[in-house]
Amino acid sequence: MKKIPCGWIIFVFVLVYISALTLPYVAHKKVSSSFQKTFAKRNFVSESVGTERVAYLDDNVEALQYRLRMVEEAEEEIILSTFDFNADQAGKDMMAALSSAAKRGVKVRVIVDGFSGFLDLNGSKGKPWFQAFVSQENVNVKIYNPINFLKPWNIQARLHDKYFIIDKKMYLLGGRNTTNLFLGDYSSSKNIDRELFVYEATSAEDSSLLQVLDYFENVWKSPDSQNYTCSRKTEKISACAVELENRYKKLQELYPESYETWNWEKLTMETNRISLLSNPITSDNKEPWIWYALTQLMQQGKEVTVYTPYIICGKEMYQDLTELTSSGTNIEIITNAVSSGANPWGCTDYLNQKQKIWDTGVKVHEFMGKHSCHTKALLIDERMTILGSYNMDMRSTYQDTELMLAVDSIELNATIANEVEQDKTYSRTMGEDGTYVYGEHYKEKEMSLGKTIFYGLLRVLTIPIRRFL
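Here the structure is a predicted model, which is why all the values come from computation and not from measurement. (Residues numbered from 1 in each chain as written. Predicted model: local features only at pLDDT ≥ 70, side-chain atom pairs only at ≥ 80, totals over all residues. Heavy atoms only, no water.)

S.K.: Describe the environment of Q136, with residues and values.
M.R.: Structurally, the position occupied by Q136 is in the loop between α6 (127-134) and β4 (139-144). For the pair Q136 and G175, spaced 39 residues apart in the sequence, the C-alpha separation amounts to 28 Å. Ignoring any residue separated from it by four or fewer positions in sequence, one finds Q136 in contact with S99 and K103. In terms of polar contacts, Q136 uses its side chain to reach the side chain of S99, at 2.7 Å. Within the local environment of Q136, its side chain forms a polar contact with the backbone oxygen of F133, the two atoms lying 3.0 Å apart. (Helix = DSSP H or I, 4+ residues; strand = E, 2+ residues; numbered from the N terminus. Contact = heavy atoms within 4.5 Å. Polar contact = N/O pair within 3.5 Å; in protein donor to acceptor, adjacent residues only side chain to side chain.)

Here it is in structure tokens:
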């Protein structure tokens, strides 16, 4: 009997493994009729002022200060959901603040995506810090869909939600991860992001705060969410715990305003209604609930502006955009210019697909700001704002958990609309004659030869795997 070469065995194994990793997600699901009926019954606007007020945060230092202040006000429970959680300076700030709350008896629950859990919570650099954090009384940490290389069919599904809840009183929701890129002023490299602070002035049975809390409990209780524990408190872990305690004292010196009483009424604006949009929470190929919701809400408007870090559309998404623009909805998208984008996969796909994107009838503004834009938001006419964690790509549409807040507020919409007009001056867009039209403050950034070659290679390599980027 002829012996099978080892190389062929390895090749077959790799082929089978890649198939298990990708095939479950190749077919895009459609939204069920039951979801469509449920969505049709929802009302996203109100003619009277609601019980929840909102603040709009677009600055990284301010975002950290809000978190520190919120922690100080916690009396019963703090909930944090984050895709990425690094043991860098911003991450340690959050661990230090949360640890201080736990010490005074506040229940702290944190859920982190399995990818971050694999790299950060279990990585050699971050592990002792997170072990010190979770070893404390009143602190519970779970990892959603931990990376398991023996189950490659599950690896694609990620927890992409980012929110921070204090008691049944207030919360933050948006696109910020818990890292230096998004919180504080610890790095020259930053991501521009926006999030919403929501304050419940008066309790209401249908408040968005209760919707987010209910969503969290479902994720927390899911079999996909596994406990992260400290099995043995080593000397190094004990030293990290002491450093977190000292860091909390330092935070009071660095951000004294976060340790003073804040007037939440004065800092926030009225809303008529705030509603939560979400994807399914199971770690598998998902029905595109959020994309369906967004297209349905866009249909109701005439003028739509979309913020997204990158655009990676499937044929169904292209079709939906084409139908929207053909029916009279004017859609403008602000996304990162290729030479300033922080995600090489998204930038590469845009180089390959931009003509298809333009052919849908949308107008794309290629943003060239000081920092890469990580914002995920939509403005529909003059009163509806939708903001959260959803990127306009196939991963956010079919694979990841995502959250968006739909806010009926003329004042909030106008605030972001002013930023839109400013950001357009730092952008270029394709004119009707096929040439670019440049904004007043747009400055071309030439890519290095190495980066040009890199993107050239990626443009070929990413074609067969673009739906998983």
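S.K.: Quick one: what's the story with a nonpolar patch on the surface, residue by residue and with numbers?
M.R.: Among the surface-exposed residues, W8, F11, V12, L15 and V16 lie close enough to one another that they form a single nonpolar patch of about 530 Å² accessible area. Positionally, V12 belongs in helix α1 (residues 6-22). (Patch = residues over 30% accessible without salt bridge, like charges linked within 9 Å, V, L, I, M, F, W, Y side chains within 5 Å. Areas by Shrake-Rupley, 256 points an atom, 1.4 Å probe, with all protein chains shown as cover. Salt bridge = Lys/Arg side-chain N within 4 Å of Asp/Glu carboxyl O.)

S.K.: Give me the nonpolar core: which residues, what numbers.
M.R.: In this structure, I78, L98, V110, F164 and F197 are the most contacted members of the largest nonpolar core, which totals 52 residues. At 8 residues, helix α4 (residues 89-103) tops the list of elements feeding residues into this core. With residues near it in sequence (within four places) discarded, L98 still touches V71, I78, L80, V108, V110, F133 and F164. Formed by 45 residues, the second largest nonpolar core is a distinct cluster that contains C313, C347, Y398 and L458. (Core = buried A, V, L, I, M, F, W, Y, C linked by side-chain atoms within 4.5 Å. Buried < 20%, exposed > 50% of the residue type's maximum accessible area, 1.4 Å probe, protein only.)

S.K.: Quick one: what's the story with the pairing of strand β21 (residues 427-430), residue by residue and with numbers?
M.R.: A regular strand places its side chains so that they alternate between the two faces of the sheet. Both strand β15 (residues 363-367) and β21 contribute to a ladder of 3 bridges, which runs antiparallel. What sits directly across from H365, in β21, is T429. In the sheet, β21 pairs with strand β22 (residues 436-438) via 3 bridges, with the strands oriented antiparallel. For M430, the partnering residue across the bridge sits in β22 and is Y436. (Pairing = 2+ DSSP bridges.)

S.K.: Describe the sheet that holds strand β3 (residues 107-113), with residues and values.
M.R.: Overall, mixed pairing links the 9 strands, which are arranged β9-β4-β3-β2-β5-β6-β8-β1-β10 in an open sheet. Each edge of the sheet is formed by a strand with only one pairing partner; in this case those strands are β9 (225-228) and β10 (269-270). Helix-sheet contacts for helix α14 (residues 410-424) involve β1 (52-57), β8 (195-200) and β10, and the interaxial angle to β1 is about 10°. (Axes fitted to C-alpha atoms, helices over the stretch in contact; angles between N-to-C directions.)

S.K.: Tell me about the packing of helix α10 (residues 289-299) against helix α11 (residues 315-326), residues and numbers included.
M.R.: Following both chains from N to C, one finds α10 and α11 inclined at 10°, their axes separated by 10 Å at the closest point. Of the possible angle classes, the one that applies to α10 and α11 is roughly parallel. Of the residues in α11, those in contact with W291, T295, M298 and Q299 of α10 are M317, D320, L321 and L324. Within the contact of α10 with α11, the residues separate by chemical class into 5 nonpolar, 2 polar and 1 charged. (Parallel < 35°, antiparallel > 145°, perpendicular 65-115°, else oblique. Nonpolar A, V, L, I, M, F, W, Y, C, P; charged D, E, K, R; others polar.)

S.K.: Lay out the pairing of strand β20 (residues 403-408) in plain terms, naming residues and giving numbers.
M.R.: With respect to burial, β20 is a largely interior element, 6 of its 6 residues being buried. The side-chain alternation of β20 yields two buried faces, one formed by L403, L405 and V407 and the other by M404, A406 and D408. Alignment of strand β11 (residues 273-278) against β20, held across 6 bridges, turns out to be antiparallel. What sits directly across from R273, in β20, is D408. Across 5 bridges, the pairing between strand β18 (residues 384-388) and β20 is antiparallel. Each residue of the ladder has a partner; that of I386, found in β20, is A406.

S.K.: I'd love a proper account of the side chain of D400, names of residues and values included.
M.R.: Within the element layout of this structure, D400 appears in the loop between α13 (394-398) and β20. Ignoring any residue separated from it by four or fewer positions in sequence, one finds D400 in contact with Q156, A157, R158, H160, N279, K286 and R395.

S.K.: Tell me about the pattern of salt bridges, and please be specific about residues and values.
M.R.: Applying the stated criterion across every chain yields a total of 22 salt bridges. Across the pair E195 and R176 runs a salt bridge, and its minimum N-O distance is 3.0 Å. Here E195 is found in strand β8, whereas its partner R176 is found in the loop between β6 (170-174) and β7 (191-192), with 19 residues between them in sequence. In this pair, the class of E195 matches that of R176, namely buried. Salt bridges sharing partners connect three or more residues here, namely E47, R383 and D408.

S.K.: Can you explain the side chain of D113? Please cite residues and give values.
M.R.: Within the element layout of this structure, D113 appears in strand β3. By relative accessible area, which is 0% here, D113 ends up buried. D113 has contacts with T82, F83, I143, Y144, R158 and L159, leaving out every residue within four places of it along the chain.

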